[in-house]
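# Breakdown of the fold
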Amino acid sequence: LSLIAFTATSVAPPRYQLHDPTVYRVAGSQAHVRGGLNSIGLYVVDVTTTVPVDTLLVYIRHPPERVLGVSVELREADTAATLIRLLDVSTQGPEPRKESLERAFLAQVIEPLRQWLAQSRQ
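Residues numbered from 1 in each chain as written. Predicted model: local features only at pLDDT ≥ 70, side-chain atom pairs only at ≥ 80, totals over all residues. Heavy atoms only, no water.

### Quick look at the packing of aromatic side chains
Note the threshold: In this scheme Phe, Tyr and Trp rings, the latter by its six-membered ring, pair at centre separations within 6.5 Å, and the angle between planes marks the pair as stacked below 30 degrees, edge-to-face above 60, and tilted otherwise. Secondary structure elements are defined from DSSP: runs of H or I of at least 4 residues count as helices, runs of E of at least 2 residues count as strands, and each element is numbered from the N terminus. Remark: exposure states derive from per-residue accessible area (1.4 Å probe, protein chains only) relative to the maximum for the residue type, with buried under 20%, exposed over 50%, and partly exposed in between.
Scanning the model with the defined rule gives two aromatic pairs in all. Seen in terms of ring centroids, Tyr43 and Tyr59 are 5.3 Å apart; in terms of plane orientation they differ by 35°. Their pairing is tilted. With Tyr43 in strand S3 (residues 43-49) and Tyr59 in strand S4 (residues 53-62), this pair connects stretches of sequence that are 16 residues apart. Residue Tyr59 is classed as partly exposed on the basis of its relative accessible area, which comes to 30%.

### A short note on helix H2 (residues 30-39)
Where we set the bar: Summarising the geometry, the arc corresponds to the directions from the helix axis toward the C-beta atoms.
Looking at H2, one finds that the buried residues are Gln30, Val33, Gly36 and Leu37. Down the axis of H2, the buried side of the element spans an arc of 120°, and every buried residue falls inside it. For H2, exposure combined with an orientation more than 90 degrees from the buried face picks out Ala31 and Asn38. Just past H2, the residue Gly41 takes up positive phi, approximately 90°.

### Let's talk about the environment of Pro112
Rule in force here: Whether two residues are in contact is decided by their heavy atoms: any pair within 4.5 Å suffices.
Mapped onto the secondary structure, Pro112 falls in helix H3 (residues 98-121). Taking C-alpha positions, Pro112 is 8.9 Å from Leu37, a pair spaced 75 residues apart along the chain. Residue contacts for Pro112: discarding those within four places in its chain leaves Ile40, Leu106 and Ala107.

### Remarks on the environment of Ala31
Relative to the elements of secondary structure, Ala31 occurs in helix H2. Counting along the chain gives 45 residues from Ala31 to Glu76, while the straight-line C-alpha distance between them is 9.3 Å.

### Quick look at a nonpolar patch on the surface
Note the cut-off: Like charges within 9 Å and nonpolar side chains (Val, Leu, Ile, Met, Phe, Trp, Tyr) within 5 Å are joined into patches, using only residues over 30% in relative accessible area that form no salt bridge. Note on areas: these come from Shrake-Rupley sampling with a 1.4 Å probe, and a residue is covered only by the protein chains present in the view. Criterion for a salt bridge: a side-chain nitrogen of Lys or Arg within 4 Å of a carboxyl oxygen of Asp or Glu.
Taken together, the side chains of Tyr43, Tyr59 and Val67 present a nonpolar region at the surface, about 310 Å² in accessible area. Owing to a relative accessible area of 51%, Val67 belongs among the exposed residues under this scheme.

### Some remarks on the nonpolar core
Filter applied, for reference: For our purposes a nonpolar core is just a set of buried Ala, Val, Leu, Ile, Met, Phe, Trp, Tyr and Cys residues, chained together by side-chain atoms within 4.5 Å.
Judged by nonpolar contacts, the single largest core of 25 residues is most densely connected at Leu37, Ile60, Val70, Ile84 and Phe105. Residue assignment for this core shows that the elements contributing at least two residues are strand S2 (23-27), H2, S4, strand S5 (66-78), strand S6 (81-90) and H3. Here this core gets seven residues from one element, more than from any other, and that element is H3. Other than its neighbours up to four places away in sequence, Phe105 contacts Tyr24, Ile60, Val70, Val72, Ile84, Leu86 and Ile110.

### Observations concerning the pattern of salt bridges
When charged atoms on two side chains of opposite charge get close, those side chains can pair. Under the definition given, this model contains eight salt bridges. In this structure, Asp46 and Arg34 form a salt bridge, with 2.9 Å as the shortest nitrogen-oxygen distance. Highlighted residues: Asp46 in strand S3 and Arg34 in helix H2, separated in sequence by twelve residues. A relative accessible area of 37% places Asp46 in the partly exposed class. Classification of Arg34 as partly exposed rests on a relative accessible area of 22%. We note a salt bridge from Arg97 to Glu99, for which the minimum N-O separation is 3.9 Å.

Note that all results are geometric; they support no functional claim without further evidence.
Here is the structure:
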């Protein structure tokens, strides 16, 4: 009964579309990149899977210590590289600034992913 009462009063956080979204290029196939995202300790949710595009929800920390759910699209650029494009972000509180979101995403996702991909090729 308490579960029903709690979920009935819960509201999903607002989603903020990213205008002129950033695209990151990483060296690795789409499947290898997905494996890397799971291996570096991120909480990743597969939202939809279509070929050749995957949409994932990646959770990152954002100052002042809140959690952002960042929707990203994975698309193979070629057989040796994958493009990661930021789509939107959901969070409680004010809309995050694009620059601070990109810094957090680069530090928590892209850089560790690139390191993992480089080490996994050795």
